[in-house]
Amino acid sequence: MAGRRGRYYPAITPEILLRAYSIGLFPMAESADDPEIFWVEPEMRGILPLDAFHLSKSLAKAVRRTPLDIRFDTAFERVIAFCAEPAGDRPSTWINSTIRKLYNELHRMGHAHSVEAFEGDELVGGLYGVSLGSAFFGESMFSRRTNASKICLVHLVERLRKNGFTLLDTQFTTEHLKTFGAIDIPKDDYLKLLRTAVDSPHLKF
């Protein structure tokens, strides 16, 4: 998590949060129980180039055959709540109550969105992030069924491409994201892409 970090206290607003995204910052908390948040500005930034998204044959087959019902922006508060819960490979998360409140407000403002996987009436996977101009900033995902979050990511990329988005920010890269084509780029290169994206008209998600 190399990069500049700075504490910020509860006076943060959704408008300040959007401004932070527009200049390359994003918030995190030390843990779900820590009420404070800090800004992160990585020296190397993870992005997933939309024109180089890699879909494996096995996952493409899973997408075609999935019984899951994929929806958009119908259960945002539940998605972020599930992302904030501990999981087997994630004993703690950086999503605290302050972050949940702020992103729920951004969702009501039309700047935070979710992709959801339902099995019947049960929410079994999803992801959420922030849109600004032609940029989408991925935040977190969860999965309670095999491939559920991966299938949500595939649908996210399809939607971003269809609606003219130019930047999918993953903040950091993981081995999991690299299988889809995610790469690390230097902060200065990222900021050039970011400026072009946020100077664009705000796109419909």
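Residues numbered from 1 in each chain as written. Predicted model: local features only at pLDDT ≥ 70, side-chain atom pairs only at ≥ 80, totals over all residues. Heavy atoms only, no water.

Asks: Explain the packing of helix α1 (residues 14-22) against helix α4 (residues 97-109) residue by residue, including any values.
Replies: Where α1 meets α4, the axes come as close as 9 Å, and the angle between the chain directions of the two elements is 85°. Here α4 runs roughly perpendicular to α1, going by the angle between their axes. The segment α1 lies against α4, with Pro-14, Glu-15, Leu-17, Leu-18 and Tyr-21 engaging Leu-102, Tyr-103, Glu-105, Leu-106 and Met-109. (Axes fitted to C-alpha atoms, helices over the stretch in contact; angles between N-to-C directions. Helix = DSSP H or I, 4+ residues; strand = E, 2+ residues; numbered from the N terminus. Parallel < 35°, antiparallel > 145°, perpendicular 65-115°, else oblique. Contact = heavy atoms within 4.5 Å.)

Asks: An account of unusual backbone geometry is needed here, citing residue identities and associated values.
Replies: Even without glycine at this site, Asp-73 takes up a positive phi of about 55°. Position of Asp-73 among the secondary structure elements: in the loop between β5 (69-72) and α3 (76-83). With relative accessibility at 28%, the residue Asp-73 sits in the partly exposed group. (Buried < 20%, exposed > 50% of the residue type's maximum accessible area, 1.4 Å probe, protein only.)

Asks: I'd like a description of the sheet that holds strand β10 (residues 183-186), backed by residues and values.
Replies: Taken in spatial order, the seven strands make up an open sheet running β5-β6-β7-β8-β9-β4-β10, and their pairing is mixed. Two strands lie at the open edges of the sheet, namely β5 and β10, each paired on one side alone. Taking each pair of neighbouring strands and ignoring which way they run, the sheet shows an average axis angle of 35°. Strand direction decides the pairing type here: strand β7 (residues 122-132) and strand β8 (residues 135-143), joined by eight bridges, are antiparallel. Each residue of the ladder has a partner; that of Leu-132, found in β8, is Ala-135. (Pairing = 2+ DSSP bridges.)

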